[in-house]
Amino acid sequence: MTFDDARALLPYLADLGVSHLYLSPVLTAVTGSTHGYDVTDPTAVSAELGGPEGFSRLSAAARERGMGLIVDIVPNHVGVEHPEQNPWWWDVLTYGRSSRFAGFFDIDWDLDPDGRIVLPVLGSDADADGLTVDGDVLRLGDRIWPIRPGTGAGTAAEIHARQAYRLTGWQSGSCGYRRFFSITSLAAVRQEDPAVFDATHAEIGRWFREELVAGLRVDHIDGLTDPAGYLARLRELTGPGAWIVAEKILAADEPLEPSLPIGGTTGYDVLREIGGLFVDPDGVGPLTELARETRCGTRELKIRVATEVLSSELARLRRAIVRATGTDDPSLPAAIADVVSRVDAYRTDYRSLSAMLPQAISETVAASPELAPAVAQLADAVNQPEPAARLQQLCGAVTAKAVEDTLFYRDARLVSLNEVGGTPELFGMGTADFHRRAAARARDWPATMVTLSTHDTKRNEDVRARITVLSQRAERWSQRVLRWNKVCVPPDEGTGLFLWQNIIGVWPASGEVDDTLRRRLHAYAEKAVREAELHTNWERPDPEFEGGLHDWIDALLDGPVAGEVTAFVAELDGAARGDAVAQKLLALTVPGIPDVYQGTELFDDSLVDPDNRRPVDFALRQTELTTLSHPKIRVVANALRSRRERPATYLSGDHTPVAAAGPAADHVIAFRRGSDVLVAVPRWTLKLGETGWGETTLTLPDGDWTDRLTGSAWSGTVAAEALFAELPGALLEKTGA
């Protein structure tokens, strides 16, 4: 989507009630990038999107409608897969340490004996024999690397030996630069250097000087060496009025560092809380038993990731510790990995987490006394800048790779919990805890972002809603899936159980599986099993296992099981759609600033990227906005318009729980925002169908209230059955307020 494409959507978005367009990264990225997070030139707006002129046109057109722009920025890394597209990286590969951009990247100059940059970009070391000379570059197929001026005489091998870089096979486990997590195609940028910050933010600064944007979303701040220092510089650049939110993935009980000069996070913490409300705790026993073979320890995964996947980063930290302490305990790698595995956050160097690293160190010594000398060496070293920084960098990368990219594709108890910012071992969210967290957010972080779906979520909000309904039918689900696995045998039961839930999440209620959905399921399944790394992976795919996986998907889509799946989905679908609407209403009204990901104003069955980057049918959404007959867009439009009309209520109003009474009181979530808005939604409605609402009621505060969604007037004590008769949610506004 270009800037002009987005400009054409402004009338629709304004009618919907949107206040700001929230743009994915717009700086120049790898040619053909479908997401923009692989920036190659941070000094220029992408010409593919429309360049600076198109960006300015979009900003001006939005301003004419009273709207603004929020832009996602990626300060922690740049794309280097095609080095010729990245001028700074190309210059470093050309001139090595003498490049004026050498200090922009976190390069390990000591890794290679000759001080060359180790690039693990080949299939094997032997591939270097296929290098050829093509003018002023070395070529291998369609890939090229620079030849430093004056070094181009001789064979390709002789020329390669003279360069500032050394091409190696990726299996070597060595990488000559800090990566974004374990992604070799993304090189970390040293934003802790003021000169690097200035160079990478010159264009961003222009946006604020020319008032083109209203705020920023900052990609994964824990990937930076000094997140707090970076955000302080960013705030100075943008000025006090800019809205800045940071992608900070918080653990379940981790507070956001209060000293950070931002509005809050990008909302994964609230996603976990809202989604957790709809998980039926009665389902924990049967679902845990069904998935017992898939449950795995996070610590073991973290240790494996630290010592294998991130062995290069671990080795670099070890060398930093040895330099700092003057000794080299052979148990140091094991000690580092053990300590990191006990850190229950992405990093520990925020003031509010000051006790976390000492606690992890103490736990390691208590559990493994033989590691005590090496742990003591680590504890001594992290009082110095380089070891301290590299330990934090390793912590974040280990957590991302072990938890988000591995555990979340293995644990098959209830996969809707396996979400960015999620905590699968916590089975849902209690009502009291939800209200406590919401009230604290209203007090401490009223401008934080609230989201349900993003470009990074493992599955869309509506898919998660349907999967979550399984917690209300846990016994029946267990019986069904065990039967289906006998009729249509999966490659292994754990993989089958994981994929079955995602298949249930996207299965059309009509039972009509078209070729598009078939292709999407095949693509998702292949990605999921490679991320899980139990039977196959990205580096060494197992054709036999993956072939069996694809055969299984086709067999279940085309065989006798498909009809049973359709019948089972029919039992869940009504409750799932109701939950999807209810959680959307919560996301739009709880404390914080709601983010509506593209297209989610209607039901959407997207899975993980790239599935969630498919084109959105905005013409259909415009039609639905005109009629407001679709329950989800009805909720979105009315809630956004309510926010527009009552900004003080939503931006600074407190969050006060409102308790229901009666036999089904636990099925109601209700709260006030300020004094003039009251929100109520039902939950666990599939189970509720067995008993009904009975005499369950909700007593409203004094005064007359009108439901923004239906136009119904209410006052006093209201029957829950009447309140939710038309929609799975009520947005009550105090009449005359």
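How each quantity is defined
- Residues numbered from 1 in each chain as written.
- Predicted model: local features only at pLDDT ≥ 70, side-chain atom pairs only at ≥ 80, totals over all residues.
- Heavy atoms only, no water.
- Helix = DSSP H or I, 4+ residues; strand = E, 2+ residues; numbered from the N terminus.
- Rg over C-alpha atoms; globule rule 2.2 N^0.38 Å.
- Buried < 20%, exposed > 50% of the residue type's maximum accessible area, 1.4 Å probe, protein only.
- Contact = heavy atoms within 4.5 Å.
- Areas by Shrake-Rupley, 256 points an atom, 1.4 Å probe, with all protein chains shown as cover.
- Lys, Arg positive; Asp, Glu negative; His and termini not counted.
- Charge placed at Lys NZ, Arg CZ, Asp CG, Glu CD.
- Core = buried A, V, L, I, M, F, W, Y, C linked by side-chain atoms within 4.5 Å.
- Expected span 1.5 Å × (residues − 1).
- Polar contact = N/O pair within 3.5 Å; in protein donor to acceptor, adjacent residues only side chain to side chain.
- Pairing = 2+ DSSP bridges.
- Salt bridge = Lys/Arg side-chain N within 4 Å of Asp/Glu carboxyl O.
- Phe/Tyr/Trp six-rings, centres within 6.5 Å; stacked < 30°, edge-to-face > 60°.
- Lys NZ or Arg CZ within 6 Å of the ring centre and 35° of its normal.
- Axes fitted to C-alpha atoms, helices over the stretch in contact; angles between N-to-C directions.
- Parallel < 35°, antiparallel > 145°, perpendicular 65-115°, else oblique.
- Left-handed = near helix turned anticlockwise from the far one by under 90°.
- Bend = angle between axes of the 7 residues up to and from the residue.

## Description of the overall build of the protein
- Secondary structure assignment for the protein yields 28 helices and 26 strands.
- The globule rule puts the C-alpha radius of gyration for 737 residues at 27 Å, and the 27 Å found for the protein is close to it.
- For the protein, with 737 residues in total, the buried portion stands at 59%.
- Excluding contacts between residues fewer than 6 apart, the proportion of contacts in the protein whose partners are at least 24 apart in sequence is 72%.
- If you sum the accessible surface of the protein, you get close to 27,900 Å²; carbon and sulfur atoms cover 51% of it.
- Side-chain charges of the protein comprise 74 positive and 106 negative groups, with the mean position of each set lying 2 Å from the other.

## Remarks on the nonpolar core
- Judged by nonpolar contacts, the single largest core of 80 residues is most densely connected at Phe-55, Trp-207 and Ile-274.
- Those residues in contact with Ile-274 that lie beyond four places of it in its chain are Phe-434, Val-450, Leu-452, Gln-583, Leu-586, Ala-587 and Val-590.
- Formed by 51 residues, the second largest nonpolar core is a distinct cluster that contains Val-415, Ile-467, Leu-557 and Phe-568.

## Section: helix H16 (residues 385–404)
- Between its terminal C-alpha atoms H16 stretches 28 Å, which fits the 28 Å expected from 20 residues at 1.5 Å a residue.
- Across the 20 residues of H16, 17 count as buried, placing the element largely inside the fold.

## Brief notes about the side chain of Glu-247
- With respect to the helices and strands, Glu-247 occurs in the loop between strand E14 (243–246) and strand E15 (264–265).
- Here Glu-247 falls in the buried class, since its relative accessible area comes to 4%.
- A polar side-chain atom of Glu-247 sits 3.4 Å from a polar atom in the side chain of Arg-217.
- Not counting residues within four places of it along the chain, the set of residues in contact with Glu-247 comprises Arg-217, Val-218, Asp-219, His-220, Ile-221, Thr-266, Tyr-268 and Asp-456.

## A word on the pairing of strand E21 (residues 677–682)
- Where burial is concerned, most of E21 is hidden: six out of the six residues are buried.
- Residues Val-677, Val-679 and Val-681 of E21 are buried on one face, and the alternating residues Leu-678, Ala-680 and Pro-682, pointing to the opposite face, are buried as well.
- With six bridges connecting them, strand E20 (residues 668–673) and E21 associate as antiparallel partners. By the bridge assignment, Val-668 is partnered in E21 with Pro-682.
- Hairpin connection between E20 and E21: a loop of three residues separates the two successive antiparallel strands, and Gly-674 in this loop has a positive phi of roughly 60°.

## Remarks on the side chain of Arg-643
- By secondary structure assignment, the location of Arg-643 is in helix H25 (residues 631–645).
- For Arg-643, which is buried and forms no salt bridge, the nearest opposite charge comes from Glu-733, at a distance of 11 Å.
- Reaching out from Arg-643, the side chain makes a polar contact with the backbone oxygen of Leu-588 at a distance of 2.9 Å.
- Other than its neighbours up to four places away in sequence, Arg-643 contacts Leu-588, Thr-589, Val-590, Gly-592, Ile-593, Pro-594, Tyr-650 and Leu-651.

## Focus: unusual backbone geometry
- Cis geometry is adopted by the peptide bond preceding Pro-610, which originates at Asp-609 and carries an omega value of 5°.
- By secondary structure assignment, the location of Pro-610 is in the loop between strand E17 (593–595) and helix H24 (618–627).
- Within the chain, Glu-211 stands out as a residue other than glycine whose phi angle is a positive 55°.
- In this fold, Glu-211 is placed in the loop between helix H7 (202–209) and strand E13 (215–218).
- Since its relative accessible area comes to 60%, Glu-211 is described here as exposed.
- One non-glycine residue, Leu-628, lies in the positive phi region at around 55°.
- Inspection of the secondary structure assignment puts Leu-628 in the loop between H24 and H25.

## Focus: the packing of aromatic side chains
- In total, this model carries 17 aromatic pairs according to the counting rule given.
- Measuring from ring centre to ring centre gives 5.5 Å for Trp-88 and Phe-101, while their planes differ by 20°; the resulting arrangement is stacked. Taken as a pair, Trp-88 in helix H4 (residues 87–95) and Phe-101 in the loop between H4 and strand E6 (117–122) lie far apart in primary sequence, 13 residues in all.
- Through a chain of ring-to-ring contacts, the aromatic side chains of Trp-477, Trp-484, Trp-500, Trp-552 and Phe-568 assemble into a single cluster.
- Looking at Arg-683, its charged tip hangs above the ring of Trp-684, at a distance of 3.8 Å from the centre.
- A cation over an aromatic ring shows up here: Lys-687 above the ring of Trp-684, its NZ or CZ 5.8 Å from the ring centre.

## Some details on the sheet that holds strand E9 (residues 143–146)
- Spatially, E7-E8-E9 is the arrangement adopted by the three strands of the open sheet, whose pairing is antiparallel. Each having just a single partner strand, strand E7 (132–134) and E9 make up the two edges of the open sheet. Direction aside, neighbouring strands of the sheet carry axes that sit 35° apart on average.
- Relative to the sheet, H4 contacts strand E8 (137–140) and E9, its axis offset from that of E9 by approximately 60°.

## Focus: the sheet that holds strand E25 (residues 717–719)
- Read across the open sheet, the three strands follow the order E19-E22-E25; overall the sheet is antiparallel. Strand pairing shows two members of the sheet lacking a second neighbour, strand E19 (660–661) and E25, which therefore form its edges.
- With two bridges joining them, E19 and strand E22 (residues 697–699) adopt antiparallel strand pairing. If you follow Ala-660 over to E22, its bridge partner there is Leu-698.

## Some points on the packing of helix H11 (residues 298–309) against H16
- Contact pair H11 / H16: the axes reach a minimum separation of 9 Å and the direction vectors enclose 120°. Classified by the interaxial angle, the pair formed by H11 and H16 is oblique. For H11 against H16, the interelement crossing comes out right-handed. In this structure, H11 uses Thr-298, Leu-301, Lys-302, Val-305, Ala-306 and Val-309 to contact H16, whose residues at the interface are Val-398, Thr-399, Lys-401, Ala-402 and Val-403.

## What about the environment of Pro-330?
- Considering the arrangement of structural elements, one finds Pro-330 in the loop between helix H12 (311–325) and helix H13 (332–341).
- Counting along the chain gives 270 residues from Pro-330 to Ala-60, while the straight-line C-alpha distance between them is 61 Å.

## As for helix H23 (residues 561–589)
- Helix length check: H23, at 29 residues, gives a terminal C-alpha distance of 41 Å against a target of 42 Å (1.5 Å per residue), a fit within 8%.
- At Leu-572, H23 shows its largest kink, close to 40°.
- With 22 of its 29 residues buried, H23 lies for the most part within the structure.

## Focus: the pattern of salt bridges
- The final tally for this structure, using the stated rule, is 65 salt bridges.
- Residue Arg-520 is joined to Asp-605 by a salt bridge in which the shortest nitrogen-to-oxygen separation is 3.2 Å. Taken together, the residues Arg-520 in helix H21 (residues 515–532) and Asp-605 in the loop between E17 and H24 connect sequence positions 85 residues apart.
- Note on Asp-605: relative accessible area 27%, which makes it partly exposed.
- A salt bridge links Arg-613 to Asp-609; the nearest nitrogen and oxygen atoms lie 3.0 Å apart.

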